[in-house]
Amino acid sequence: MPTVPAASKINQWFPPEVERRYVDQVAGQSGLTRRQAICFVRLWAYACYQQAPTPLRELSPEHHQLICPHSTAADLFYSDQPRGSERAAGLMINQLVKKHLVKRTTCEGYPSQLSLQIPPSFLPQTASEGLVQVEANAFDPRRDAPLVASFMDESYSWVSQRTENASFKITRVLRRWATQYPQGLRVLRQVTDQSPVAVAAFYPAHPDSEAMFHSPPSASLHLVTLDETDPIQLAPSGDPECYVVFVRAWQFRPEFWCYANVCEFLADSQATLRAMQQEFPNLSDIYTITIHPNLEAFAMALGFKPLKADPASSIRWYYIALDDFLALDGNETLVEFDFSAPYLSS
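All figures in this text were calculated on a predicted structure; none of them were measured in a lab.

Asks: Before we go on, may I ask you to explain the overall build of the chain in this structure?
Replies: Of regular secondary structure, the chain possesses eleven helices and ten strands. Dimensions of the chain along its principal axes, counting C-alpha atoms only, are 75 × 40 × 35 Å. Expressed as a percentage of the 346 residues in the chain, the buried residues total 48%. In the chain, the share of contacts with a sequence separation of at least 24, taken over all contacts with a separation of at least 6, comes to 71%. Surface summary for the chain: the accessible area is close to 16,400 Å², and the carbon and sulfur share equals 51%.

Structure, rendered in structure tokens:
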């Protein structure tokens with residue numbers, strides 16, 4: 001039986017680009033976090049490798065039985081990071097057993113035999129089956145505003161202060177922001193038809209508006225309220241007293257909410273804020289309102305800290321230092337985040 005190569009050589013028999021393709025497909029299914037998906041895919045690859053010890057380009061659902069001691073599992077699971085313990089590898093296998101993806105048979109005196117349960121949905125989609133590619137780009141107020149307003153409106157559906165024609169107001173405000181500060185508006189687009197599937201709005205706040213971030217956040221819900229006066233004013237370019245960037249939107253169409261898309265858009269957001277930092281040299285604070293309660297866990301996963309709650313509603317300000325946000329490795333930070341949970345719900 002072939003043995004697993006040293007951690008530094010695993011890439012030789014299971015190329016990283018092949019692993020990513022399967023992990024992207026598996027993550028989020030059966031309640032798997034990104035890290036759990038990586039471990040399951042590597043077990044699957046090892047089962048295939050035992051049958052045909054050559055560089056793997058695809059994984060067969062028929063090769064699903066293997067003997068894998070915890071020492072071997074540790075080599076597999078932690079090949080891309082400082083080696084985890086055999087106990088940690090055993091706990092990971094326990095999690096996969098609980099999710100009914102691994103069946104374990106033990107016989108006294110012998111290593112456990114594992115049988116992997118490979119659902120048909122774990123096989124990667126091909127481009128012809130509808131795999132959607134996305135790319136980050138600048139917001140186009142002439143084409144994007146109504147489409148973005150449509151999916152943003154869903155995020156505000158639970159807010160009691162919202163106006164009945166909220167999507168119309170969002171469209172108008174987005175176009176105004178695009179006139180005031182176009183470099184702060186970014187979208188994630190489908191490559192095929194260029195339609196926006198996510199939006200981010202970064203707004204450098206005027207020093208006179210900074211007190212608003214220490215006031216109840218409900219007073220700053222401008223996008224969907226009846227108040228036509230924006231409570232947060234834009235800082236003039238190069239203002240040395242501009243310390244705060246307000247993330248006024250960071251939202252997805254729910255069907256595009258997944259690890260790969262979020263990590264790509266997060267990296268684009270970091271690049272946007274680095275450019276903004278060049279324009280505003282003393283920029284140091286990021287404030288946001290999560291808008292929908294389901295997004296609070298995501299904000300905290302990125303390191304945002306909740307501040308004092310709003311006495312009139314369930315929303316609150318969230319804060320992170322700009323330097324800490326820019327230092328994030330999104331791919332690693334979100335590897336355990338559960339993207340299978342509903343993005344929005346009533």
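Asks: Got a minute to help me understand the side chain of S269 in this structure?
Replies: Inspection of the secondary structure puts S269 in helix α8 (residues 259-279). Excluding residues that lie within four positions of it along the chain, S269 makes contacts with A200, F202 and W250.

Asks: What am I meant to see in unusual backbone geometry here?
Replies: The phi angle of most residues is negative, glycine excepted, and most peptide bonds adopt the trans form. The backbone phi angle of S30 is positive, close to 55 degrees, even though this residue is not glycine. Residue position: S30 is located in the loop between α2 (16-26) and α3 (34-51). Classification of S30 by relative accessible area gives partly exposed; the value is 41%. The phi dihedral of Q194 is positive, around 65 degrees, even though this residue is not glycine. Tracing the sequence through the fold places Q194 in the loop between β5 (185-190) and β6 (196-204). The partly exposed category is assigned to Q194, whose relative accessible area is 32%.

Asks: Hey, could you run me through the packing of aromatic side chains in this one?
Replies: The description of an aromatic ring pair rests on the distance of the ring centres and on the angle between the ring planes. Applying the stated criterion to the full structure yields 26 aromatic pairs. Arranged with centres 5.2 Å apart and planes meeting at 35 degrees, the rings of W250 and F265 form a pair that is tilted. Highlighted residues: W250 in strand β7 (residues 244-252) and F265 in helix α8, separated in sequence by 15 residues. Judged by relative accessible area, which is 0%, F265 ranks as buried. Grouping aromatic residues by their ring pairs yields a cluster made of W250, F252, W257, Y259, F265, F298, F337 and F339. Lying across the ring of Y203, R248 places its NZ or CZ 4.7 Å from the centre.

Asks: In this structure, what is going on with the sheet that holds strand β8 (residues 285-289)? I would like to understand it.
Replies: Strands pair in a sheet through their backbones, by hydrogen bonds, and they do so in one of two ways: parallel or antiparallel. Strand order in this open sheet of seven strands is β4-β5-β6-β7-β8-β10-β9, and the pairing throughout is mixed. Single-partner strands in this sheet number two, and they are β4 (134-138) and β9 (305-309). For this sheet, the mean angle separating the axes of adjacent strands, direction not counted, is 25 degrees. Where β6 meets β7, seven bridges bridge the pair, whose relative direction is antiparallel. Along β7, the bridge assignment pairs Y203 with F246.

Asks: Can you walk me through the packing of α2 against α3 in this structure?
Replies: When two helices pack together, their arrangement is given by the angle between the helix axes and by the axis-to-axis distance. Across the interface, α2 lies against α3 with an axial gap of 9 Å and an inter-helix angle of 125 degrees. One element, α2, and the other, α3, form an angle in the oblique class. The hand of the α2/α3 crossing is right-handed. From α2, E19, Y22, V23, D24 and V26 reach across to α3, where they touch R34, A37, I38, V41, R42 and W44.

Asks: Help me understand the pairing of strand β10 (residues 316-321), please; the structure alone is not making it clear to me.
Replies: A regular strand places its side chains so that they alternate between the two faces of the sheet. As defined by bridge partners, β8 adjoins β10 across five bridges and the pair is classed as antiparallel. Across the sheet, residue T288 finds its bridge partner in β10, namely Y318. Two strands pair when backbone bridges link them, and β9 and β10 are joined in this way by three bridges, in the antiparallel orientation. Within β10, the residue paired with K305 across the bridge is Y319. As consecutive antiparallel partners, β9 and β10 are separated by six residues.

Asks: Mind showing me how you'd approach helix α4 (residues 70-77) here?
Replies: Working note: α-helix, 3.6 residues per turn, so residues spaced by three or four point in the same direction. Listed in full, the buried residues belonging to α4 are T72, A73, A74, L76 and F77. Buried residues in α4 make contact with α1 (10-13), α3 and α5 (86-98).

Asks: I keep staring at the nonpolar core and nothing clicks. Help me out?
Replies: Soluble globular proteins tend to pack their nonpolar side chains together in the buried interior. Formed by 41 residues in total, the largest nonpolar core has its most connected members in W250, F252, W257, L273, I286, F325 and L334. Those elements giving two or more residues to this core turn out to be β6, β7, α8, α9 (296-301), β10 and α10 (322-326). Tallying contributions element by element places α8 first for this core, with seven residues. The next biggest cluster of nonpolar side chains, apart from the first, holds 40 residues, and it includes V18, Y46, A47 and Y78.

Asks: Before we go on, may I ask you to explain the confidence of the model for the chain in this structure?
Replies: Note that predicted coordinates carrying low pLDDT should not be read in detail. Within the chain, residue pLDDT values average 86, and 90% of them lie at 70 or more. No element of the chain has a lower mean pLDDT than α1, at 78, and none a higher one than α10, at 98.

Parameters at a glance
Residues numbered from 1 in each chain as written. Predicted model: local features only at pLDDT ≥ 70, side-chain atom pairs only at ≥ 80, totals over all residues. Heavy atoms only, no water. Helix = DSSP H or I, 4+ residues; strand = E, 2+ residues; numbered from the N terminus. Buried < 20%, exposed > 50% of the residue type's maximum accessible area, 1.4 Å probe, protein only. Contact = heavy atoms within 4.5 Å. Areas by Shrake-Rupley, 256 points an atom, 1.4 Å probe, with all protein chains shown as cover. Phe/Tyr/Trp six-rings, centres within 6.5 Å; stacked < 30°, edge-to-face > 60°. Lys NZ or Arg CZ within 6 Å of the ring centre and 35° of its normal. Pairing = 2+ DSSP bridges. Axes fitted to C-alpha atoms, helices over the stretch in contact; angles between N-to-C directions. Parallel < 35°, antiparallel > 145°, perpendicular 65-115°, else oblique. Left-handed = near helix turned anticlockwise from the far one by under 90°. Core = buried A, V, L, I, M, F, W, Y, C linked by side-chain atoms within 4.5 Å. pLDDT = per-residue confidence, 0-100.

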